[in-house]
Amino acid sequence: MPDTVCQQALDRVLTYLDQAGVALSDDVCRRALNLVDAALLEARTCGGDVLQAAMDRLPGYFDLPQPAAPTPWPPLARGSIGYRHD
Amino acid sequence: MTERSPAWRRRALVRRWLMASFVFGQTLVAGYYLLWVLPYHGGTIVELGMLGLFAVLYAWIAVGFWTAVFGFVLRLTGGDRQSLLRRHPPEVLAQTPLQKTAVVLPVYHEPVHWTFSGLKAVFRDLERAGQLEHFEFYILSDSRDPEVWLEEQAAWRRLCRELDADGRLFYRRRTVNLNYKSGNVADFLRRWGRRCRYMVVLDADSLLSGKTLVRMVQLMEREPRVGILQTNPAIINGRTLFARLQQFANRLYSPLFATGLAAIQMGDAAFWGHNAILRTDAFMKHCGLRKLRGRGLFGGPILSHDFVEAAYMGRAGFEVWLEPGLSQSFEESPPTLADELSRDARWARGNLQHLAIMLFEPGLRFAHRMAFMNGIMSYLASPLWLAFLVLTTIEAVQMTLLPIDYFPEGHQGLIPLWPEWRPEWALGLAVSTLMLLFLPKFLAVADQLIRGSARGFGGAVRMLASVLLEIVISVLLAPVRMLTHSRHVIQALLNVTVRWAGQNRTGEATWRQALVTQLPGMVIGAGWSAFAFTLDPMFFFWSLPVAIPLVLAAPTHVLLSRTGPGTALRKRRLLVIPEEQEGLPLLDDAARFRSETGGGTSLGAVAEAVLNPVLNRLHCQLARPRGHHGRCRAPAELTGRFIKAGPDALSRQELCRLLQDRDCLARLHTQAWRAGPESWWGQRIQALGDGSR
């Protein structure tokens, strides 16, 4: 049986959450189903793509982890390079 | 620095005069022998040319020989008492407080996981030494390929997390690569040069133990006149037969050569570009590299920066020391002959460029000018040897095909010049040349036997067998290197551009590659030998030591590039080195970290940078905020093509334009996750989902 639109949207949302480091608990799955439900409704009433609608709504449904990136470089302590002038 | 000249200079002067008198005295005697060996005793232009070339080449190998003899004698008598390490008792050194030191790792298209794992091992070893707080680590990338630099950024993040090194391990990538590696280091110094008193420079394959790093800083603290302190890195991790031969030769012979070299150079030593510590303020003040103002090869940025920086440091009154007593400093050999020769193409160009600096740069110390000469001769010796062979062939042709000339050009008078042949003198000359080449190897064997450390090389018998094997292979490789280096020198002088790229640190050579690269040499070797046979059987036999290795170049090449023979010999404890038998936490760590998986996915670094929310966020933070008000400034056509057909639809420059821009990266992430299931990105996301379930 080919994947339905809602199944594709749910897969996409869950994959994103997994990649973002969210543990896929029962609660998370329930919220993902609610999100897809809302996206389907929006697509039916306003037209548009279910996948896109689901991804657009995702930040409103989940607090995505925002791991801090390491400090790439320390504060500047500038030096100048000396060139001999003959 | 205007202080009184240090005491070591007088001793260095004596040692150098001694060395020069041995080298030139021996060369004079050998030249005299050659004159009597030549049929007209130097009475023709060809013979004079042969004499001149012979003298230069003989003196060149005599320098190597006497350096090894110096090293042997010094090691026999307990080491050089003038060396930096011997000046300070270990307990005094151990009590010397450390100063903040930057460990910098410039990289350019290196294997990311492998290189960073080495740095991780160094970091861990410093942690074990309990001195991590005094060191900062900087990965300085010049990589241009987004697949590589995005992987570097992701690996740096992982490394920071694994080592809990946030704020101690930094990453900086230049987007404008000016002046190669020295430009990369200069860029670092311009930004953070005043943060650290010292800077330790690593190569991608460098490993330095925590103990050695600490000792280096302590020595620099004790010796404020020293601007650069260079260790003598041992080659390790050889897997192919070629790399194992290089590794064995380096580990066994290098202590003699390095001890001798350090004793002669003393505070006028060279900098080899890595595995060394530099006094940052002195380096910044005095070692700026201006572009050369000459033409062709002798114009533009300096290619081989390290020797020049050492010379500039010396000119400013600072000392540069090679300290062979600083052990636990390691690097790796190129895995195959092709890789070595490819690296040599760059080095030959860089060293020949030093000719302009050696001759015309004002104020340099004489010893540093000689160091330039040494580097230049490393490659120039090959075309000189080739020219000597050509003149020898011309001489043989003249003797065989032309009537005897009793009154050659330049010979005046009524008495004819009788051609003479003195085979016993020729034999003496050949034996003396062979002695210069091979005796140091047996001195190295004697050195290990006297010290009772032959066990580390597989025991006395296996060590000797390994040396004999190494000699056979080095005889097979010498003519191949000679021909290739001659080509490199000609290309450099004609200013033919050489590609600047990272080394291959893993691959094996194929038969096709070997045949393509070695065919010209094989044809020259066979043709020359056949010609010699038609001239004179004696000349034919004389040509064989050069011709046979050339004819066998392709099989030699392939055999040496294989890991199988290297492993088989190791199992028989041939070509082994002490580090392989005894182990060292630093090396064990490096091997273990490198064998672990890198942490990336099969997506590739670019696709992962776009799809993975965590990595996309990281790359966005590291990218430049180019647009205004969150607008990606790349043309919509570019992002459209990227989203429609994936990264392969864009050139490297186009990809860089998108992926170096913070707003574009964020937009690509949003668009890719909204792409339809059948699209390029949709399929990648599907694969990600399948992989995680």
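In this text, all values refer to a predicted model and were calculated from it rather than measured experimentally.

### Concerning the overall build of chain B
- Scanning chain B for helices and strands turns up 27 helices and 12 strands.
- In terms of C-alpha radius of gyration, chain B reaches 28 Å, essentially the compact-globule figure of 26 Å for 693 residues.
- Per-residue burial over chain B gives 56% buried out of 693 residues.
- Sequence separation of at least 24 residues holds for 82% of the intrachain contacts in chain B that already meet a minimum separation of 6.
- For chain B, the accessible area works out to roughly 30100 Å², and carbon and sulfur atoms hold 60% of it.
- If you average the places of the 78 positive and of the 57 negative side-chain charges in chain B, the two averages end up 5 Å apart.

### As for empty space enclosed by the protein
Residue and element names in this part refer to chain B.
- Per the counting criterion, the structure on display carries 3 cavities of 30 Å³ or more.
- When its volume is computed, the largest cavity comes out at roughly 50 Å³.
- Lining the largest cavity we find Ser 182, Val 185, Met 199, Val 201, Phe 271, Gly 273, Phe 283, His 305 and Glu 309.
- At the level of elements, α7 (180-192), β4 (198-201) and α11 (305-315) are the ones that each hand at least two residues to the lining of the largest cavity.
- For the lining of the largest cavity, the class distribution of residues is 5 nonpolar, 3 polar and 1 charged.

### Re a positive patch on the surface
- A cluster of basic side chains, namely Arg 10, Arg 11, Arg 81 and Arg 86 of chain B, defines a positive patch on the protein surface.
- Within the secondary structure, Arg 11 of chain B sits in helix α1 (residues 8-37).

### Notes on the sheet that holds strand β3 (residues 169-173) of chain B
Residue and element names in this part refer to chain B.
- Read across the sheet, 7 strands follow the order β3-β2-β1-β4-β8-β6-β11 without closing on themselves; strand pairing throughout is mixed. The open sheet has two edge strands with one neighbour each: β3 and β11 (319-322). Going from strand to strand, the sheet's axes swing by 20 degrees on average, the running direction of each strand aside.
- When strand β6 (residues 226-230) meets strand β8 (residues 276-279), the two strands line up antiparallel, connected through 3 bridges.

### Overview of the environment of Pro 67 of chain A
- Along the chain, Pro 67 of chain A falls in the segment after α3 (50-61).
- By relative accessible area, which is 26% here, Pro 67 of chain A ends up partly exposed.
- Note: C-alpha distance between Pro 67 of chain A and Ala 20 of chain A (47 residues apart in sequence) is 9.5 Å.
- In contact with Pro 67 of chain A, not counting residues within four places along its chain, are Arg 157, Val 614 and Arg 617 of chain B.

### A few points about the packing of helix α5 (residues 112-128) of chain B against helix α21 (residues 585-595) of chain B
Residues and elements named next belong to chain B.
- At a minimum axis separation of 8 Å, α5 and α21 run at an interaxial angle of 145 degrees. Along this stretch, α5 crosses α21, giving a crossing that reads as right-handed. Taken together, the residues of α21 that come into contact with α5 (itself represented by His 113, Trp 114, Ser 117, Gly 118, Lys 120, Ala 121, Val 122, Arg 124, Asp 125 and Arg 128) are Pro 585, Leu 586, Asp 589, Ala 590, Phe 593 and Arg 594.
- Considering only residue class, the contact of α5 with α21 consists of 7 nonpolar, 3 polar and 6 charged.

### Quick word on the UniProt feature "domain: Glycosyltransferase 2-like" (unreviewed entry) in chain B
- Sites flagged by UniProt as "domain: Glycosyltransferase 2-like" (unreviewed entry) map to residues 200-396 of chain B.
- Strand forms 14% of residues 200-396 of chain B and helix 56%; the C-alpha atoms that close the span are 54 Å apart.

### Describing the layout of surface pockets
All names here are of chain B.
- Approximately 1100 Å³ is the volume attributed to the second largest pocket.
- Lining of the second largest pocket is provided by 47 residues; of these, Arg 75, Pro 255, Pro 324, Gly 325 and Ser 327 occupy positions nearest its centre.
- For the lining of the second largest pocket, the secondary structure elements donating two or more residues are α3 (84-87), α4 (90-94), α9 (241-265), β11, β12 (329-332), α14 (423-451) and α20 (578-582).
- Residue composition of the lining of the second largest pocket, by class: 18 nonpolar, 18 polar and 11 charged.

### A word on the confidence of the model for chain B
- Mean pLDDT over chain B: 92, with 94% of residues reaching 70 or higher.
- Here residues 500-505 of chain B is modelled with pLDDT under 50, and outside its nearest four sequence neighbours on either side it reaches 21 contacts, counting other chains as well.

### Here we look at the interface of chain B and chain A
- Contacts between the two partners involve 48 residues from chain B and, on the opposite side, 32 residues from chain A.
- Buried area between chain B and chain A, both sides added, is near 3700 Å², and the carbon and sulfur share of it is 55%.
- Of all residues in chain B, Arg 190, Trp 673 and Arg 674 of chain B bury the most surface against chain A, accounting for 19% of the area lost on that side.
- There are 1 salt bridge connecting chain B and chain A.
- With a closest N to O distance of 2.6 Å, Arg 674 of chain B and Asp 56 of chain A form a salt bridge.

### Some words on the pattern of salt bridges
Residue and element names in this part refer to chain B.
- Using the criterion set out here, one finds 35 salt bridges over all chains in the structure.
- Between Arg 641 and Glu 654 there is a salt bridge, with its nearest N and O atoms 3.1 Å apart. Here Glu 654 lies in helix α25 (residues 652-659) and Arg 641 lies in helix α24 (residues 636-645), a separation of 13 residues in the sequence.
- Classification of Glu 654 as partly exposed rests on a relative accessible area of 24%.
- Here the salt bridges do not stand alone but share partners, grouping Asp 125, Arg 128, Asp 589, Arg 592 and Glu 596 into one network.

### Considerations on the sheet that holds β12 of chain B
Residues and elements named next belong to chain B.
- The strand order across the open sheet built from 3 strands is β5-β12-β7, with neighbouring strands paired in mixed fashion. Edge positions in the sheet fall to β5 (207-208) and β7 (234-236), since each has one partner strand and no second.
- Pairing of β5 with β12 involves 2 bridges; the strand directions are antiparallel. Within β12, the position partnered with Leu 207 by the bridge is Phe 330.

### What about the pairing of β11 of chain B?
Residues and elements named next belong to chain B.
- Residues of β11 alternate between two faces, with Glu 319 and Trp 321 on one and Val 320 and Leu 322 on the opposite face, all of them buried.
- Of the pairings in the sheet, the one linking β6 to β11 comprises 4 bridges and is parallel in character. Across the sheet, Gln 230 pairs through a bridge with Leu 322, a residue of β11.

### Observations concerning the packing of aromatic side chains
Residue and element names in this part refer to chain B.
- Per the counting criterion, the structure on display carries 21 aromatic pairs over all chains.
- Relative to Trp 192, the ring of Phe 188 lies with its centre 6.1 Å away and its plane at 40 degrees, an arrangement referred to as tilted. Of the two residues, Phe 188 and Trp 192 are both situated in helix α7; the distance of 4 residues between them amounts to about one turn of the helix.
- You can call Phe 188 buried: its relative accessible area is 2%.
- Centroid distance Phe 642 to Trp 681: 5.3 Å. Interplanar angle 40 degrees. Geometry classified as tilted.

### Quick look at the UniProt feature "transmembrane region" (unreviewed entry) in chain B
- With numbering matched to this structure, UniProt assigns "transmembrane region" (unreviewed entry) to residues 17-38, 50-77, 371-394, 425-444, 456-479 and 539-560 of chain B.
- With 100% helix and 0% strand, residues 371-394 of chain B has end C-alpha atoms that lie 34 Å from one another.

Cut-off values and rules
- Residues numbered from 1 in each chain as written.
- Chains lettered and ligands numbered in written order.
- Predicted model: local features only at pLDDT ≥ 70, side-chain atom pairs only at ≥ 80, totals over all residues.
- Heavy atoms only, no water.
- Helix = DSSP H or I, 4+ residues; strand = E, 2+ residues; numbered from the N terminus.
- Rg over C-alpha atoms; globule rule 2.2 N^0.38 Å.
- Buried < 20%, exposed > 50% of the residue type's maximum accessible area, 1.4 Å probe, protein only.
- Contact = heavy atoms within 4.5 Å.
- Areas by Shrake-Rupley, 256 points an atom, 1.4 Å probe, with all protein chains shown as cover.
- Lys, Arg positive; Asp, Glu negative; His and termini not counted.
- Charge placed at Lys NZ, Arg CZ, Asp CG, Glu CD.
- 1 Å grid on protein atoms, 1.4 Å probe; cavity = no way out; pocket = protein on both sides within 12 Å on 5 of 7 lines; lining within 4 Å.
- Points joined across faces, edges and corners; volume = space filled by probe spheres on them.
- Nonpolar A, V, L, I, M, F, W, Y, C, P; charged D, E, K, R; others polar.
- Patch = residues over 30% accessible without salt bridge, like charges linked within 9 Å, V, L, I, M, F, W, Y side chains within 5 Å.
- Salt bridge = Lys/Arg side-chain N within 4 Å of Asp/Glu carboxyl O.
- Pairing = 2+ DSSP bridges.
- Axes fitted to C-alpha atoms, helices over the stretch in contact; angles between N-to-C directions.
- Left-handed = near helix turned anticlockwise from the far one by under 90°.
- UniProt positions renumbered as here; feature names shortened; annotations may be inferred.
- pLDDT = per-residue confidence, 0-100.
- Buried area = accessible area lost by both parts, 1.4 Å probe.
- Phe/Tyr/Trp six-rings, centres within 6.5 Å; stacked < 30°, edge-to-face > 60°.

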